[in-house]
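Examining the three-dimensional arrangement
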Amino acid sequence: MSVSIAPTETITSLSLIPDLDERSSERSSERSSEPELLGPSCIVQQKPVSVTLDGPAIFVLALGVVLVIHFLDSYLAEAVVSLIPIALLVHNDYHNFLSLGPGGTPSTVPGYIRITYLRMLALRDPFTAPTPDPDRVPKMGLLSGQALPYRAGPRPVVAGIAPQRQLDQHGSKRCYIALRRAMENLSAQSPSKFGTERSCIEKHGLALFARHPLQTNCQGEICHVHDSDHSMHMSLHPDDIKEILQKGWGQRHPLAWKGRFIQMPVSQDFVMIYAPRDEMELEIVCKIIGAAIWYTLAEDVTVNAK
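Residues numbered from 1 in each chain as written. Predicted model: local features only at pLDDT ≥ 70, side-chain atom pairs only at ≥ 80, totals over all residues. Heavy atoms only, no water.

**A look at the layout of surface pockets**
What counts is decided by this rule: Here a cavity denotes grid points, spaced 1 Å and computed from the protein atoms alone, that fit a 1.4 Å probe unable to get out, and a pocket denotes an open set having protein on both sides within 12 Å along at least 5 of 7 lines; residues with an atom within 4 Å of a point are the lining. Grid points are joined across faces, edges and corners, and a volume is the space filled by probe spheres set on the points. All amino acids are sorted into three groups, where Ala, Val, Leu, Ile, Met, Phe, Trp, Tyr, Cys and Pro are nonpolar, Asp, Glu, Lys and Arg are charged, and the leftover types, Gly among them, are polar.
Taken as a whole, the second largest pocket holds about 360 Å³ of empty space. Looking at the second largest pocket, it is lined by 18 residues, and the ones nearest its centre are Arg136, Lys258, Ser267, Gln268 and Asp269. By residue class, the composition of the lining of the second largest pocket is eight nonpolar, six polar and four charged.

**Re helix H6 (residues 173-189)**
Put simply, the rule reads: For helices the rule is a DSSP run of H or I covering at least 4 residues; for strands it is a run of E covering at least 2, with both sets numbered from the N terminus onward. Expected span of a helix, by definition, is 1.5 Å for each gap between consecutive residues, and there is one gap fewer than residues. The rule is simple: take the accessible area with a 1.4 Å probe, protein chains only, and divide by the maximum for that residue type; under 20% is buried, over 50% is exposed, in between is partly exposed. Residue contacts are counted whenever heavy atoms from the two residues lie within 4.5 Å of one another.
Its 17 residues place the ends of H6 24 Å apart at the C-alpha level, agreeing with the 24 Å of an ideal helix rising 1.5 Å per residue. Here H6 has its buried residues at Cys175, Tyr176, Ile177, Ala178, Leu179, Arg180, Ala182, Met183, Glu184, Leu186 and Ser187. Against strand E3 (194-198), strand E4 (206-210), strand E5 (221-225), strand E6 (232-235) and helix H8 (279-297) lie the buried residues of H6.

**Concerning the packing of aromatic side chains**
Basically, it comes down to this: Note on ring pairs: Phe, Tyr and Trp rings are taken, using the six-membered ring of Trp, and paired if centres are within 6.5 Å. Classes follow the plane angle, with under 30 degrees stacked, over 60 edge-to-face and the rest tilted. We call a charge positioned above a ring when the Lys NZ or Arg CZ atom is no farther than 6 Å from the ring centre and deviates by at most 35 degrees from the ring normal.
Applying the stated rule across the entire model yields three aromatic pairs. Seen in terms of ring centroids, Tyr94 and Phe97 are 6.5 Å apart; in terms of plane orientation they differ by 35°. Their pairing is tilted. Note that Tyr94 and Phe97 are positioned in helix H4 (residues 74-99) at a spacing of three residues, about one turn of the helix. Seen from their ring centres, Phe97 and Tyr112 are 5.9 Å apart, and the 50° between their planes marks the pair as tilted. Of this pair, Phe97 sits in helix H4 while Tyr112 sits in helix H5 (residues 109-119), placing them 15 residues apart in sequence. Note on Phe97: relative accessible area 3%, which makes it buried. Ring pairing ties together the aromatic residues Tyr94, Phe97 and Tyr112, which thus form one cluster. Against the face of Tyr150 rests Lys247, its NZ or CZ located 5.3 Å from the ring centre.

**Looking at the sheet that holds E4**
For clarity, the cut-off: Here, strands pair whenever DSSP counts at least two bridges between them. Angles here are taken between N-to-C directions and fall from 0 to 180 degrees, while the axes themselves are lines fitted to C-alpha atoms, restricted in helices to the stretch in contact.
Within the open sheet, the six strands sit side by side as E3-E4-E5-E6-E8-E7. Their pairing is antiparallel. The open sheet has two free edges, formed respectively by E3 and strand E7 (250-252), since each of these has just one partner strand. Within this sheet the neighbouring strands show an average axis-to-axis angle of 25°, counted without direction. Sheet topology note: the E4/E5 ladder contains three bridges and is antiparallel. Residue pairing across strands places Leu208 opposite Cys223, the latter belonging to E5.

**Focus: a nonpolar patch on the surface**
So the rule is basically this: Residues enter a patch when their relative accessible area is above 30% and they make no salt bridge; the linking distance is 9 Å between like charges and 5 Å between nonpolar side chains (Val, Leu, Ile, Met, Phe, Trp, Tyr). Shrake-Rupley sampling with a 1.4 Å probe provides the accessible areas, and residues are treated as covered by the protein chains on show and by no other component. A carboxyl oxygen of Asp or Glu within 4 Å of a side-chain nitrogen of Lys or Arg is what we treat as a salt bridge.
A grouping of Val49, Val51, Leu53, Ile58, Leu61, Ile84, Leu88 and Leu89 is seen on the molecular surface, where their side chains present a nonpolar patch of about 670 Å² in accessible area. Those elements that provide at least two residues to the nonpolar patch are helix H3 (55-71) and H4. Examining the composition of the nonpolar patch, we find that three residues originate from one element, H4, more than from any other. When you line up the elements, Ile84 lands in helix H4. Judged by its relative accessible area of 42%, Ile84 is partly exposed.

Read these as geometric descriptors, not functional statements.
Written out as structure tokens, the structure reads:
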């Protein structure tokens, strides 16, 4: 299979991004302190439902409830009173959806309705690996023989479907820059095999593509990195998915399952990899990217983020 990578308006060269040009790296390092580089560049938040009422608001609300009960039929009054908390929940949930930022679903009311529907189809257990397909090549994964270490600490909190984002334990800006450079270096060193462009799946963020994939999610996309939380999405062999789930490096996408009658937007081997927080975790994530390349091309490629 041959896949052409069409150009887009997305900036995919680090030399076009402010403060990331290698020629200005020294000036950039002088302007940016070490804690700033190690900290996240964006915080994704989800807010609980919270209602604060002052004295006048309490009076108006109580008066409204009394008038509804007095003038409306009892069943209609019950319906009106019941709709108030439902409206608050929907309003809060919609704004939480918007706060996840841009992703595969438009940040609009129709996009929110679509995500609300897809929630009913989400995986109940994102920490169990899918069953390998005996007819797929490669037949086995790559990570099980590399003694992948356990990720330190508890798993981060993850929310959303499309987009799916990491809410805490955000990766550092330095690791994010290194991930982008690693993907661009692969494209520059092997242009006949790899390319970088805007993600076909997410419609945002830098992605690494295979020009001649054995199997693909979307136009040969191997993986992509999120600009907001610095986590990644990619497809892995089920053996490697089992390894990263057991060692705490990621989790399956909520829609990564195969149905008989429903076509899911992503394949069952689609996973989220948590954002690397330091150099050691960056090295492990690069190994996982190598496993994604192996699954897409059946080639063992070393990914170097240095």
